[in-house]
Amino acid sequence: MRAKGLSRAEVLARLKQAHEKDEKYADGKIFCSMCTTPHPAAKEAHELFCDANLGDPGLFSGSVQLEKEAVSSLAELLHGKSSFGFIVSGGTEANLLAMLAARNHAGVKEPEVILPESAHFSFNKICSLLKLKPVPAHLDEAFRGSPSHVKQLINKNTVAIVATAGSAELGAVDPIDRLSQIAVKHGVYLHVDAAFGGLVLPFLKELGYVAPEFDFQLEGVQSVTVDPHKMGMSTIPAGGILFRDSTYLECIKTQTPYLTEDSQYTFVGTRSGASVAAAWAVFESLGREGFQKTVHHCMELTTFLSSKLEALGFEVLLRPTLNIVAFRSANSKLLTDKLRVRGWFVSYVPRLDCVRIVLMPHSTRQHVEALLECLKELR
Ligand code: 0PR
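Residues numbered from 1 in each chain as written. Predicted model: local features only at pLDDT ≥ 70, side-chain atom pairs only at ≥ 80, totals over all residues. Heavy atoms only, no water.

1. Overview of the site of the ligand
Every one of the 18 residues lining the ligand counts as a neighbour, but Gly91, Thr92, Asp193, His229 and Lys230 are closest to it. Measuring from a nitrogen atom of the ligand, one finds a side-chain N or O atom of Asp193 at 2.6 Å. Contact between the ligand and Arg356: an oxygen atom at 3.4 Å from a side-chain N or O atom of the residue. Within the complex, the protein chains bury 77% of what would otherwise be the 600 Å² of accessible surface of the ligand. Counting residues per element, the shell around the ligand draws most heavily on helix 4 (residues 91–106), which supplies three residues. Split into classes, the residues belonging to the shell around the ligand amount to five nonpolar, nine polar and four charged. If you count residues domain by domain, the shell around the ligand takes at least three from each of domain 1 (23–38 + 287–378) and domain 2 (41–284). (Near = heavy atom within 4 Å. Polar contact = N/O pair within 3.5 Å; in protein donor to acceptor, adjacent residues only side chain to side chain. Areas by Shrake-Rupley, 256 points an atom, 1.4 Å probe, with all protein chains shown as cover. Helix = DSSP H or I, 4+ residues; strand = E, 2+ residues; numbered from the N terminus. Nonpolar A, V, L, I, M, F, W, Y, C, P; charged D, E, K, R; others polar. Domains from an automatic or database assignment.)

2. Examining a nonpolar patch on the surface
Where nonpolar side chains cluster on the molecular surface, the patch consists of Leu6, Val11, Leu12 and Leu15 and spans about 320 Å² of accessible area. Structurally, the position occupied by Leu12 is in helix 1 (residues 8–21). Classification of Leu12 by relative accessible area gives partly exposed; the value is 43%. (Patch = residues over 30% accessible without salt bridge, like charges linked within 9 Å, V, L, I, M, F, W, Y side chains within 5 Å. Salt bridge = Lys/Arg side-chain N within 4 Å of Asp/Glu carboxyl O. Buried < 20%, exposed > 50% of the residue type's maximum accessible area, 1.4 Å probe, protein only.)

3. Points about the packing of aromatic side chains
For the coordinates displayed, the defined rule picks out seven aromatic pairs. On the numbers, 6.0 Å between centres and 35 degrees between planes, the contact of Phe31 with Trp344 is tilted. Separated by 313 residues along the polypeptide, Phe31 in the loop between helix 1 and helix 2 (40–48) and Trp344 in the loop between helix 10 (332–341) and strand 12 (347–349) bring together distant segments of the chain. For Phe31, a relative accessible area of 0% translates into the label buried. (Phe/Tyr/Trp six-rings, centres within 6.5 Å; stacked < 30°, edge-to-face > 60°.)

4. As for helix 9 (residues 273–311)
Across its 39 residues, helix 9 extends only 47 Å between first and last C-alpha, which sits more than 12% below the 57 Å expected from 1.5 Å per residue. Along its length, helix 9 shows its largest kink, about 85 degrees, at Gly287. The N-cap of helix 9, judged by a side-chain oxygen 3.2 Å from the amide nitrogen of Ala274 a few residues on, is Ser272. Gly313 sits one or two positions beyond helix 9 and adopts a positive phi of about 95 degrees. (Expected span 1.5 Å × (residues − 1). Bend = angle between axes of the 7 residues up to and from the residue.)

5. Observations concerning the domain arrangement of the protein chain
Looking at the assigned domains, one finds that the protein chain contains domain 1 (23–38 + 287–378) and domain 2 (41–284). Relative placement of domain 1 and domain 2: their C-alpha centres are 26 Å apart. Taken together, the 30 residues of domain 1 in the interface contact 39 residues of domain 2. Connecting domain 1 to domain 2 are four salt bridges. Its salt-bridge partner being Arg351, residue Glu169 comes within 2.6 Å of it at the nearest N-O pair. Applying the counting rule to domain 1 against domain 2 returns five residue pairs in polar contact (both at pLDDT 80 or more). Secondary structure elements with two or more residues in the side of domain 1 that touches domain 2: helix 9, strand 11 (324–328) and strand 13 (354–358). Of the residues contributing to the side of domain 1 that touches domain 2, the split by class is 18 nonpolar, eight polar and four charged. (Contact = heavy atoms within 4.5 Å.)

Printed below as a string of structure tokens:
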């Protein structure tokens, strides 16, 4: 650290220099991200609450109230009549809390979790941390977890089945209705990772698209991850975890004897009130109507891109359910690298040997057309 501090102007100039090196969503070149430009209300809320710590809730009753309201907005959207939940640091922490609840609730000696291959890599970290044995389940031809294989894998050590509503690689939604039936029949905890899809699927349905069931309407679903910092257009970090009811809260509780409250339920201790305020501000500013408009925008781009890619001769892997397009060329890895050289950011998914493009709210028709022009040259 320097001996003497810089002036405010010097600090700001240095910050601007660094910021200039960051890619900007608004430039329209980022097609590999599940995050986006935050809604203006989220930015303002974040600044206003930047010193609020929900790890010590007795000091920040206004922030506590906002968290209750934000969680209750999410719960209502996901048909969780008596849901409990928290705004956490992201999908990884949300999934971690769900797995902790499932493991502690089951209380078996050698706990196992059934993870369809569509599950996000955060579960690998979580299994390692919580000493859970990951049991992989196959996918069907549409890249969705196979219910019949999941059923075969259940045994006395199974503490949870994980289902994904919007896989990170393809935006695929597992057949959660059937997984729910299986979970109920075998008395196994079913967690739905809707980190990405949770703020898309409910609006797709309202817009008249085909949208599979994935939430608490399905009897077996015990918890859902849904992230404000993805399609919720909130500031980073903001994840969300909802439990069906208070049954599981005891399983994730930690004593915090000398704080203003004597227990907490999240993994992260000092916890951002700013993230909560930002998520709340987006929900209140947009309402269902605003979210519908955003989702409509992203889906229009998705359909447009997908059909144009096919017309250009690329193999589109599946008809998109969400705002993600996956496609192959003769050499998808090389194509991704060449796009990168031209300034475009798309993802190469090695497991499926395909290119992944996420159509987020920051993308426009012009951005997609420019990308297609480039793809036409490189194909
Ligand atoms: N579950 C699903 C279905 C996800 O897609 C993700 C992240 C997670 C859990 C974990 O969430 P956190 O990263 O919030 O802990 N999915 C993105 C991905 O892996 C994360 C991301 C976002 C990556 C923006 C890059 C990026 O620029 O693709």
